[in-house]
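# Observations on the three-dimensional arrangement
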Amino acid sequence: MMQAAAAVNLSVIWNLSLRGSSSKVHILNPKHQKSHALHCLRGHEEFENSPQENLGLPSVTKEAKHKDIWSLFKEAQQNIMFLNKQRLAAVEELKKLKKEKDELLERLNQLEEESQIVIKKVDKSSLFWELLLRIDAMVINGLVNIEEASSLRKLVKEHELNISEFPLDVLQQGDAEVLAELRRFPHKVKRNGLHVIHICTEMAPLVSAGPLASYITGLSCALQGKGYLVEVILPKYSTLDLDEIEGLREIEADAYSYFNGQLHANRIWNGVVSGIGVTLIQPVYYSSMFNRDKVYGYTDDFDRFSYFSRASLDYIAKSGKQPDVLHIHNWQTAIVGPLFWDVFVNQGLEGTRILLTCQDFDKGLVTPEKLELCGLDPAELHRLDRLQDNKNPHFVNILKGGVVYSNKVVIMSSSHSSIPGLEPTLAIHKDKLCIAPFGLETPMEKDLCCDLHVSAYTSIKNL
């Protein structure tokens, strides 16, 4: 009876449909009651687990749907974790950049403070030479004439002890601004020493091939310490240690010099080394002359150094410099002597005198025709009382020409009181001769050498 009642209860099934607004009731046949009851129980379970299927959506197997949903969930979860990781990394990077920015700003502030200290403690000698070399550039560029340049140099020399009062910010500006400030600069203190220009081939620590390099620097510093104005002119070798030059700058104008029948352009560089003003001459057309591994030892050495000697004198004359003494060294720049007296003395240099120093006794023998390269007349100079070599009459002796055409000759040697091969010439010019110790190693030698040169400079200036 209980089974029959259950069957009767299951015979009425409500079928809810979403396709209409009404509900329909279906009465099942008794023969289907049992199977349909089981189907309804299973359908009720599926309805709870997959309501979308019971709502009439496309049929998809439960396993596939669960797999797709889980895969999408995992992918979304991974994306969220990746984005979160990227966000954290970006935050850390921003913190790092902010820290670096703060450190950079702090460093910039420190550098600014240090630069102000350096400006306040600027070396007077460097500032002094900066002004003088800027005046040279003004003349080369045509900003001032030779007469005004001479007056400006005199003004700077007289005001050297108070040179630190010159506005340093003006030096960072153009030549016109520096010139305007110089014209307002007051006259105060006078300088007692002479103006000496070394025309040479070495200077420590820029370029050194022998004792001449340390001699130039040591003597220049010692003389400047005694109130002399000393500057140096060198070739601009490719091997120069330019890091040793303070304030190196190129004069933005070509300076021409005569060589081999033509005028040739040179690039002119100025700077300061060990408190000494330095000018570098760089040939443009003959650029290979000083673009070599060594300073000396080439078959065209006479060509190289006669070009440099002539270019140095052309630069001095054009810039309006009026040194008291041109100090030349060994045979390499001994040709300056004949060039000065035969070509340049009447170009505003009437008050200048020549001093020759000999440390190397190489003569520099060449054929007379070579003299034409730098503008000298072989017929005038190939004579026994001038440049003709004492032992080889078919050659001219450049060192001998330096002795003959100099006002004073200093032999830097502790073992020689003469120059081998030039004894007859030195006997004629014995009043010019001075013997100095070889080198400036000890304080006593430096003092003796400096005093000897001071005496030599003074004596020839009074000639």
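The structure displayed is predicted, hence computed values, not measured ones.

Helix and strand content of the protein: 16 helices and 14 strands. In the protein, which comprises 463 residues, the proportion classed as buried is 43%. Residue pairs in contact within the protein that sit at least 24 positions apart in sequence constitute 70% of those at least 6 positions apart. Accessible area for the protein stands at about 25300 Å²; split by element, carbon and sulfur atoms hold 55% of it.

Turning our eyes to something else, we now look at the packing of helix H6 (residues 146-158) against helix H8 (residues 175-184). One way to put it is that H6 packs onto H8 with a least axis distance of 10 Å and a crossing angle of 65 degrees. Handedness of the H6/H8 crossing: left-handed. Listed contacts from H8 to Glu148, Leu152, Leu155 and Val156 of H6 are Leu179, Leu182 and Arg183.

Evaluated as defined, the whole model comprises twelve aromatic pairs. An angle of 85 degrees between the planes, with centres 5.6 Å apart, marks the rings of Tyr237 and Phe290 as edge-to-face. Of this pair, Tyr237 sits in the loop between strand E4 (229-235) and strand E5 (246-250) while Phe290 sits in the loop between strand E8 (276-283) and helix H10 (301-319); the two residues are 53 residues apart in sequence, bridging distant segments of the chain. Neither residue differs from the other here; Tyr237 and Phe290 are each classed as buried. On the basis of an interplanar angle of 70 degrees and a centroid distance of 5.1 Å, the ring pair of Phe259 and Tyr307 is categorised as edge-to-face. Linking Phe259 in strand E6 (residues 255-259) with Tyr307 in helix H10, this pair joins segments that are 48 residues apart in sequence. Here Phe259 matches Tyr307 in class, with each residue buried. Through a chain of ring-to-ring contacts, three or more aromatic side chains come together here, namely Tyr237, Phe290, Tyr296, Phe305 and Trp331. The cationic tip of Arg292 hangs over the ring face of Tyr298; the distance from NZ or CZ to the ring centre is 4.8 Å.

It is worth spelling out the environment of Leu240 at this point. The residue Leu240 is located in the loop between E4 and E5 in this model. Since its relative accessible area comes to 9%, Leu240 is described here as buried. Separated by 33 residues in the primary sequence, Leu240 and Val207 place their C-alpha atoms 5.7 Å from one another. Once residues lying within four places of it in the same chain are set aside, the contact partners of Leu240 are Leu206, Val207, Pro235 and Leu280.

You can see Thr217 is positioned in helix H9 (residues 211-225). Note on Thr217: relative accessible area 11%, which makes it buried.

Moving on, we come to the confidence of the model for the protein. Overall, the prediction assigns the protein a mean pLDDT of 82, with 79% of residues at 70 or greater. Considering only residues more than four positions removed or in separate chains, one finds that residues 1-57, a stretch of pLDDT under 50, has 28 contacts. Predicted confidence is poor over residues 117-121, with pLDDT under 50, and the contacts of this stretch with residues over four places away or in other chains come to one contact.

Where nonpolar side chains cluster on the molecular surface, the patch consists of Leu104, Leu105, Leu108 and Leu111 and spans about 350 Å² of accessible area. By the element assignment, Leu105 lies in helix H4 (residues 62-120). Looking at Leu105, the relative accessible area reads 42%, which means it is partly exposed.

Let us look at H6. With 13 residues, H6 extends 18 Å between its outermost C-alpha atoms, agreeing within 8% with the 18 Å of an ideal straight helix rising 1.5 Å per residue. Looking at H6, one finds that the buried residues are Ala149, Leu152, Arg153, Leu155, Val156, Lys157 and Glu158. Residue Asn145 occupies the N-cap position of H6, its side-chain oxygen lying 3.2 Å from the main-chain nitrogen of Glu147.

Between the first and last C-alpha of helix H16 (residues 443-461) there are 27 Å, a value that for 19 residues agrees with the 27 Å anticipated at 1.5 Å per step. When we look at burial in H16, the residues that qualify are Cys449, Cys450, Leu452, His453, Ala456, Tyr457 and Ile460. Summarising the axial view, the buried residues of H16 lie within an arc of 165 degrees, below the 170-degree limit, and thus occupy one face. Those residues of H16 that are exposed and aimed more than 90 degrees away from the buried face are Pro443 and Met444.

Before going further, it helps to examine the side chain of His327. Summarising the element assignment, His327 is placed in strand E9 (residues 325-329). On the basis of relative accessibility, which here comes to 0%, the residue His327 falls in the buried class. Reaching out from His327, the side chain makes a polar contact with the side chain of Thr357 at a distance of 2.5 Å. Aside from chain neighbours lying at most four places away, what touches His327 is Val196, Ile197, His198, Ile199, Tyr215, Leu219, Leu355, Thr357, His453 and Tyr457.

Calculation rules
- Residues numbered from 1 in each chain as written.
- Predicted model: local features only at pLDDT ≥ 70, side-chain atom pairs only at ≥ 80, totals over all residues.
- Heavy atoms only, no water.
- Helix = DSSP H or I, 4+ residues; strand = E, 2+ residues; numbered from the N terminus.
- Buried < 20%, exposed > 50% of the residue type's maximum accessible area, 1.4 Å probe, protein only.
- Contact = heavy atoms within 4.5 Å.
- Areas by Shrake-Rupley, 256 points an atom, 1.4 Å probe, with all protein chains shown as cover.
- Axes fitted to C-alpha atoms, helices over the stretch in contact; angles between N-to-C directions.
- Left-handed = near helix turned anticlockwise from the far one by under 90°.
- Phe/Tyr/Trp six-rings, centres within 6.5 Å; stacked < 30°, edge-to-face > 60°.
- Lys NZ or Arg CZ within 6 Å of the ring centre and 35° of its normal.
- pLDDT = per-residue confidence, 0-100.
- Patch = residues over 30% accessible without salt bridge, like charges linked within 9 Å, V, L, I, M, F, W, Y side chains within 5 Å.
- Salt bridge = Lys/Arg side-chain N within 4 Å of Asp/Glu carboxyl O.
- Expected span 1.5 Å × (residues − 1).
- Polar contact = N/O pair within 3.5 Å; in protein donor to acceptor, adjacent residues only side chain to side chain.
- Arc of directions from axis to C-beta.

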